[in-house]
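What follows is each chain in one-letter form.
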Amino acid sequence: MAEPLGAAMFRTPAEAYDRYVGRYSGELARALIAAAGVGSEWTVLDVGCGPGALTAELAMVVGAGSVAAVEPSQTFAAACRERVPGARVEIAPAEALPFADGSFDGALAQLVVNFMADPRAGVGEMRRVTRPSGTVAAAVWDYAGEMTLVRTFWDAARALDPGAERVDERHMAYCTPDGLGGLWTAAGLADVAVGPVTVEADYESFADLWGPLERGVGPAGAYTVALAPDARAGLRDELRRRLGAGDAPFRLTARAWIATGSVPAT
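Residues numbered from 1 in each chain as written. Predicted model: local features only at pLDDT ≥ 70, side-chain atom pairs only at ≥ 80, totals over all residues. Heavy atoms only, no water.

*Asks:* Looking at this structure, I do not really get the environment of D18. What am I missing?
*Replies:* Looking at the secondary structure, you find D18 in helix α1 (residues 14-36). The exposure class assigned to D18 is partly exposed, which follows from its relative accessible area of 27%. Along the chain, D18 and A173 lie 155 residues apart, while their C-alpha atoms are 25 Å from each other. Those residues in contact with D18, other than ones at most four positions away along the chain, are R23, P51 and R83. (Helix = DSSP H or I, 4+ residues; strand = E, 2+ residues; numbered from the N terminus. Buried < 20%, exposed > 50% of the residue type's maximum accessible area, 1.4 Å probe, protein only. Contact = heavy atoms within 4.5 Å.)

*Asks:* Just checking my understanding: could you explain the nonpolar core for this structure?
*Replies:* In summary, soluble globular proteins display a tendency toward joint burial of nonpolar side chains. Within the largest apolar cluster, 68 residues are counted, with the highest numbers of intra-cluster contacts made by Y24, V38, L108, W141, F153, L209 and L239. It is α1 that contributes the most residues to this core, 12 residues altogether. Setting aside residues no more than four positions away along its own chain, V38 makes contact with I33, V44, L58, V61, V62 and L108. Within the second largest apolar cluster, 29 residues are counted, among which are L97, W184, L189 and V263. (Core = buried A, V, L, I, M, F, W, Y, C linked by side-chain atoms within 4.5 Å.)

*Asks:* Help me understand the packing of aromatic side chains, please; the structure alone is not making it clear to me.
*Replies:* Ring pairs (aromatic) are described by centroid distance and by the angle formed between their planes. Counted according to the given criterion, the structure contains eight aromatic pairs. With centroids separated by 6.2 Å and ring planes inclined at 90°, the aromatic side chains of F153 and Y223 adopt a geometry described as edge-to-face. Here F153 is found in helix α5 (residues 148-160), whereas its partner Y223 is found in helix α8 (residues 218-226), with 70 residues between them in sequence. Seen from their ring centres, F206 and W210 are 6.2 Å apart, and the 20° between their planes marks the pair as stacked. Taken together, the residues span about one helical turn, with F206 and W210 both in helix α7 (residues 206-213) at a distance of four residues. Across this residue pair, the class does not change: F206 and W210 are buried. (Phe/Tyr/Trp six-rings, centres within 6.5 Å; stacked < 30°, edge-to-face > 60°.)

Here is the structure:
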């Protein structure tokens, strides 16, 4: 099986991920859990758990013993185990979930669908391990629109380097309601719905925002660290200008799309 898109971008310390998009993750996880209708008696799977933000929020709803999580990155899986004692955390890709058919009441994925090696297979596996009438749900960033950090980053990059267009995350297949909803429908899920949620994150300063990019986290970070020093400094200054950020604290908003669907009862 091919390595998931950008897998190397996530072989970074959990702390670096936390400082990048992880600071949005708790609020987004709570919105995803609410949209999926997770109940206190459910058994739930977190697919592509990363350092464990969604896993932790699920544990608060159903108890850690009723939560399982999978993650292909050993670094992130270890962080998730440490942060959510009692949850079952396995190292595995979404496309080959190590669970029997119908094992869970719900399978959720946060910010991972576009990074699966084969999203159709990954969502198909989420359906397989979810019981009939159970829920399959995911959240993805609105990369093309109102995910302020990522959208502003790529607008700044493209202004300085037309070649950045080819790696701009707005071209990801499942970052729009139609694309995401179509993926859920193609997986044979019923009652498919896609809706927006907006979350926020606080930054101490522009340096607080820029630091994780220089650690190579995510597609934006991978692009940043590949630049020559002068080009990297130019991107830093252009991003700061576009955000209007300096040494003072500030807040950014980020919109995500949440897709939900149910496994047909028959």
